[in-house]
Amino acid sequence: MSGHTALAPSSTAAKRKEARTVIMSSYLGSTIEFYDFLLYATAAAVAFPKVFFAGTDEWVGVVAAYATFAAGYVARPLGGIIFGHFGDRIGRKGMLIISMAMMGIASTLIGLIPGASVIGPWGAVILVILRVGQGIAVGGEWGGAALMALEHSDPKRRGFAASFVNAGAPTGAVLGTLVMGIFSALPQDAFLAWGWRVPFLLSFVLLIVGMFVRLRVSESPIFAEAVAKESAQGTKRKIPLLEVLKRPKALIMIMFAGAAGFGLQVVLPTFSVTYAVSKGAPQQGVLYAFAGASAISILFVLLGGRLSDRFGRRPVMVTGLALFILYLFPMFGMLSSGSIALVFLAFTVALILHSSLYGPLAAFVSEQFGTTNRYTGAAVGYQLATLIGAGFTPGIVAGLYKDAGQSIVPVVVFLSVMSLVSIVFILLTRESKNNDLSTVS
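1. Overview of the overall build of the protein chain
Helix and strand content of the protein chain: 19 helices and 0 strands. For the protein chain, the spread of C-alpha atoms along the three principal axes comes to 65 × 45 × 40 Å. A burial count over the protein chain gives 59% of its 441 residues as buried. For the protein chain, long-range pairs separated by at least 24 residues make up 86% of all intrachain contacts whose partners lie at least 6 apart in sequence.

2. Describing the pattern of salt bridges
By the definition in use, this model includes 10 salt bridges. Between arginine 92 and aspartate 88 there is a salt bridge, with the nearest N and O atoms lying 2.9 Å from each other. Taking the shortest distance from any N to any O, the salt bridge between lysine 246 and glutamate 243 comes out at 3.1 Å. Of the two residues, lysine 246 and glutamate 243 are both situated in helix 12 (residues 240-246); the distance of 3 residues between them amounts to about one turn of the helix. Shared partners join several salt bridges into a network, and the residues in it are Arg158, Arg306, Asp309, Arg313 and Glu367.

3. Examining the packing of aromatic side chains
Scanning the model with the defined rule gives 20 aromatic pairs in all. With a centroid separation of 4.8 Å and an interplanar angle of 80°, the aromatic rings of phenylalanine 262 and tyrosine 382 are classed as edge-to-face. Of this pair, phenylalanine 262 sits in helix 13 (residues 249-278) while tyrosine 382 sits in helix 17 (residues 374-391), and the two are 120 residues apart along the sequence. Of the two residues examined, phenylalanine 262 and tyrosine 382, each falls in the buried class. Residues phenylalanine 290 and phenylalanine 347 carry aromatic rings whose centres are separated by 5.2 Å and whose planes lie at 80° to one another, so their mutual orientation is edge-to-face. Taken together, the positions of phenylalanine 290 in helix 14 (residues 283-311) and phenylalanine 347 in helix 16 (residues 340-366) put the pair 57 residues apart, joining distant regions of the chain. Across the pair, exposure class does not vary: phenylalanine 290 and phenylalanine 347 are buried alike.

4. So, the nonpolar core
Counting 126 residues, the largest nonpolar core has Phe48, Trp196, Phe271, Met331, Phe332 and Phe347 as its most contacted members. When residues in this core are grouped by element, the largest group, 14 residues, is from helix 1 (residues 12-46). Those residues in contact with methionine 331 that lie beyond four places of it in its chain are Leu268, Ser272, Phe324, Ala346 and Ala350.

5. Describing the environment of glutamine 284
With respect to the element layout, glutamine 284 can be found in helix 14. Between the C-alpha atom of glutamine 284 and that of isoleucine 340, which follows or precedes it by 56 residues, the distance is 9.9 Å.

6. Some thoughts on the packing of helix 13 against helix 14
At a minimum axis separation of 10 Å, helix 13 and helix 14 run at an interaxial angle of 145°. The two elements helix 13 and helix 14 cross, and the hand of that crossing is right-handed. Along the contact surface, helix 13 presents Leu268, Pro269, Val273, Ala276 and Val277, while helix 14 presents Gln283, Val286, Leu287 and Phe290. Its residues assigned to classes, the contact of helix 13 with helix 14 comprises 8 nonpolar, 1 polar and no charged.

7. Structural notes on the packing of helix 1 against helix 13
Their axes nearest at 8 Å, the elements helix 1 and helix 13 cross at an angle of 25°. As the angle between them shows, helix 1 and helix 13 are arranged roughly parallel. Relative to helix 13, helix 1 is oriented so that their crossing is right-handed. Every residue of helix 13 that contacts helix 1 at Ala41, Thr42, Ala45 and Val46 is listed here: Pro269, Thr270, Val273 and Thr274. Considered class by class, the residues forming the contact of helix 1 with helix 13 number 5 nonpolar, 3 polar and no charged.

8. Comments concerning the side chain of glutamate 367
The residue glutamate 367 is located in the loop between helix 16 and helix 17 in this model. Residue classification places glutamate 367 among the buried positions, given a relative accessible area of 2%. Side-chain polar atoms of glutamate 367 contact the side chain of arginine 313, separated by 2.6 Å.

9. Description of the environment of isoleucine 252
With respect to the helices and strands, isoleucine 252 occurs in helix 13. Taking the C-alpha atoms as reference, isoleucine 252 lies 8.9 Å from leucine 384; in sequence the two are 132 residues apart.

10. Some details on the side chain of histidine 354
Along the chain, the position of histidine 354 falls in helix 16. With a relative accessible area of 5%, histidine 354 lands in the buried category. Aside from chain neighbours lying at most four places away, what touches histidine 354 is Gly261, Leu264, Gln265 and Phe324.

11. Considerations on helix 15 (residues 313-335)
Taking 1.5 Å per residue, 23 residues should reach 33 Å; helix 15 reaches 31 Å between its end C-alpha atoms and fits that length. Considering bend angle alone, the principal kink of helix 15 is centred on tyrosine 327 and spans about 50°; proline proline 330 follows within four residues of it.

12. A word on unusual backbone geometry
The phi torsion of most residues other than glycine is negative, and most of the peptide bonds are trans. Positive phi, normally seen in glycine, also occurs at glutamine 406, with a value near 60°. Looking at the secondary structure, you find glutamine 406 in the loop between helix 18 (393-403) and helix 19 (409-428).

Parameters and conventions
Residues numbered from 1 in each chain as written. Predicted model: local features only at pLDDT ≥ 70, side-chain atom pairs only at ≥ 80, totals over all residues. Heavy atoms only, no water. Helix = DSSP H or I, 4+ residues; strand = E, 2+ residues; numbered from the N terminus. Buried < 20%, exposed > 50% of the residue type's maximum accessible area, 1.4 Å probe, protein only. Contact = heavy atoms within 4.5 Å. Salt bridge = Lys/Arg side-chain N within 4 Å of Asp/Glu carboxyl O. Phe/Tyr/Trp six-rings, centres within 6.5 Å; stacked < 30°, edge-to-face > 60°. Core = buried A, V, L, I, M, F, W, Y, C linked by side-chain atoms within 4.5 Å. Axes fitted to C-alpha atoms, helices over the stretch in contact; angles between N-to-C directions. Left-handed = near helix turned anticlockwise from the far one by under 90°. Nonpolar A, V, L, I, M, F, W, Y, C, P; charged D, E, K, R; others polar. Parallel < 35°, antiparallel > 145°, perpendicular 65-115°, else oblique. Polar contact = N/O pair within 3.5 Å; in protein donor to acceptor, adjacent residues only side chain to side chain. Expected span 1.5 Å × (residues − 1). Bend = angle between axes of the 7 residues up to and from the residue.

Written as structure tokens, this is what we have:
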């Protein structure tokens, strides 16, 4: 197994230092990946309907833009399968480097696509292809980053360590929304002509920074130990996906347990932004309000992970979802006020509640699998949850809103039912905070 990268340092002090480096690397990598991935969500709300679907009814264009957004979520499980397979066979680190490069290139190219006025519908076609590339990349990124943080950390702090990976999502959202907000201050013609493109082109700069950091970390010690043990015993390596599919219960549980978290997460920077703007709030102000709320939520994601180390993953996650259901009507009431202060408050409370679910989720998912199929199981399960929970939710809620004569009631009902389903599956899934991660399969 000479192709594997070296083990982490053996001394206690060196291990702790390496763990901190790996956790921060996972956080930075996740931030960059989600800057790229969620930047698309913001662009789908404020630019793509007019750039790639010009000439259609306003809400028809919005629904069409969200359909291209969904393509990334459809591709995420494929990314989980591909990167998970090689991550379980070759190693976590190499897959993370490839996924980051793939995401950075796809995002940069999105900023170069000509609009409908230049190449007609082909712009939308290219957009979908690159969005699929983004989906495959982030599908591979999350599993590897979560496992690197989890498998390097103290067993009693795994939830907290893994929560840094999920904290990268709101951090990336902050960066993406701030940058898009800055350029949305341009005159509308300039913003639609070139302003929205600059945040995507900046992805290449972030790619260089991220690659520099990621190349400096060591391979997961738990994975390297498991591979060495199998090699010493002469154990034949099995296909990770087949091993996961032999016991599909864990995948199904994870898929439905995490679905609502992703559905609620993605509704905020897409439909909720569009909804607030349609009710009279200024576009730039709404984007900044969401960015500010996302910044605050970063600490609460980490708090959610820490609380799950103490009380368990399930109690913290269920509490967050139940409170979010109760909050849905007040949230949309504030978003429709036209007041930036109330819009900011609506986003802040929503993201704090969501953090109770999102913080423990990385550890909760990853702890359900053995070492030599953990990358595949965690990545595929997590990405299937994003697919059913987030991939089509913006388009569904926008369609429900339009078909109901712009009534928010069916939107709230849809999100509430989704959340209740996830609560049931979380409760049916075993508590995992004390699981032994050194188990090979």
